[in-house]
Amino acid sequence: MTHRMTFHGIEVPAQPGQSIAAALVAAGITDWRTTRGKGRPRGLFCGIGVCFDCLITIDGARAERACLVPAADGMRLGDALESAEATEPGETPRDDGDPEPAHVRHTEAVRHTEEDGDGASS
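What comes next is a walk through the structure. Note that the structure is a prediction, hence the values are computed from the model and not measured. (Residues numbered from 1 in each chain as written. Predicted model: local features only at pLDDT ≥ 70, side-chain atom pairs only at ≥ 80, totals over all residues. Heavy atoms only, no water.)

A word on the nonpolar core
Part 1: M5, F7, I20, L24, W32, I56 and L77 are the most contacted members of the largest nonpolar core, which totals 19 residues.
Part 2: In contact with W32, not counting residues within four places along its chain, are F7, A21, L24, V25, R42, G43, L44, C54, L55, I56, A66 and D79. (Core = buried A, V, L, I, M, F, W, Y, C linked by side-chain atoms within 4.5 Å. Buried < 20%, exposed > 50% of the residue type's maximum accessible area, 1.4 Å probe, protein only. Contact = heavy atoms within 4.5 Å.)

Focus on the pairing of strand β1 (residues 3-7)
Part 1: Of the two faces of β1, the one lined by H3, M5 and F7 is fully buried and the one lined by R4 and T6 carries no buried residue.
Part 2: Alignment of β1 against strand β2 (residues 10-14), held across five bridges, turns out to be antiparallel. The residue of β2 that forms the bridge with M5 is V12.
Part 3: The antiparallel hairpin formed by β1 and β2 contains two residues in its connecting segment, where H8 sits at a positive phi of about 50 degrees. (Helix = DSSP H or I, 4+ residues; strand = E, 2+ residues; numbered from the N terminus. Pairing = 2+ DSSP bridges.)

A short note on the sheet that holds strand β6 (residues 61-65)
Part 1: Pairing within the open sheet is mixed, and its five strands lie in the order β2-β1-β7-β5-β6. Edge strands, defined here as strands with exactly one partner in the open sheet, are β2 and β6. Each strand axis lies, on average, 40 degrees off the axis of its neighbour in the sheet, ignoring direction.
Part 2: Pairing geometry for β1 and strand β7 (residues 76-79), over two bridges, is parallel. (Axes fitted to C-alpha atoms, helices over the stretch in contact; angles between N-to-C directions.)

Quick look at the state of the cysteines
Part 1: Scanning the entire structure with this criterion turns up zero disulfides.
Part 2: The cysteine C46 is free of any disulfide, with C51 supplying the nearest cysteine sulfur at 3.6 Å.
Part 3: With a relative accessible area of 29%, C46 lands in the partly exposed category.
Part 4: You can call C51 buried: its relative accessible area is 14%. (Disulfide = S-S within 2.5 Å.)

Focus on the pairing of strand β5 (residues 55-58)
Part 1: Here β5 shows no split at all, with L55 and T57 on one side and I56 and I58 on the other all buried.
Part 2: Pairing between β5 and β6: three bridges, direction antiparallel. Following the sheet pairing, I56 is matched in β6 by E64.
Part 3: Counted between consecutive antiparallel strands, the loop separating β5 from β6 contains two residues, among which D59 sits at a positive phi close to 50 degrees.
Part 4: Pairing of β5 with β7 involves three bridges; the strand directions are antiparallel. The residue of β7 that forms the bridge with I56 is D79.

Remarks on the pattern of salt bridges
Part 1: Counted under the stated rule, the structure contains three salt bridges.
Part 2: The salt bridge partner of D53 is R33, with a shortest N-O separation of 3.7 Å. Placement of D53 in the loop between β4 (41-42) and β5 and of R33 in strand β3 (residues 33-34) is noted, with a sequence separation of 20 residues between them.
Part 3: Classification of D53 as buried rests on a relative accessible area of 7%.
Part 4: Where D53 meets R42, a salt bridge forms, and the shortest distance between an N and an O atom there is 3.8 Å. (Salt bridge = Lys/Arg side-chain N within 4 Å of Asp/Glu carboxyl O.)

Right, dumping it as structure tokens:
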């Protein structure tokens with residue numbers, strides 16, 4: 001049985017046991033969010049849940065790792081940084097007003113510094 005998900009209105013098929021990231025890549029969708037600093041595309045990178053490049057919104061739940069979540073029939077997928085109405089406990093507003101967990105903020109800051117060349121050079 002093939003699962004059917006939607007990504008920004010596009011139907012994406014997925015095989016049972018396949019991760020959301022694997023299904024998106026198999027459907028030809030290789031990026032589903034962009035970096036804040038320079039708007040660089042991001043999608044699947046490590047594939048094992050170590051990095052945060054594959055963050056995506058799944059059925060309204062923001063910042064889920066697409067490589068770790070199994071695909072299921074009827075899932076709605078979107079941008080991991082879509083706006084939220086309120087900040088959850090333990091989160092602080094980001095520069096654009098969206099909340100983000102502290103561990104993601106730190107990882108994003110390190111990655112943005114490295115990829116955008118905003119930090120001191122060694």
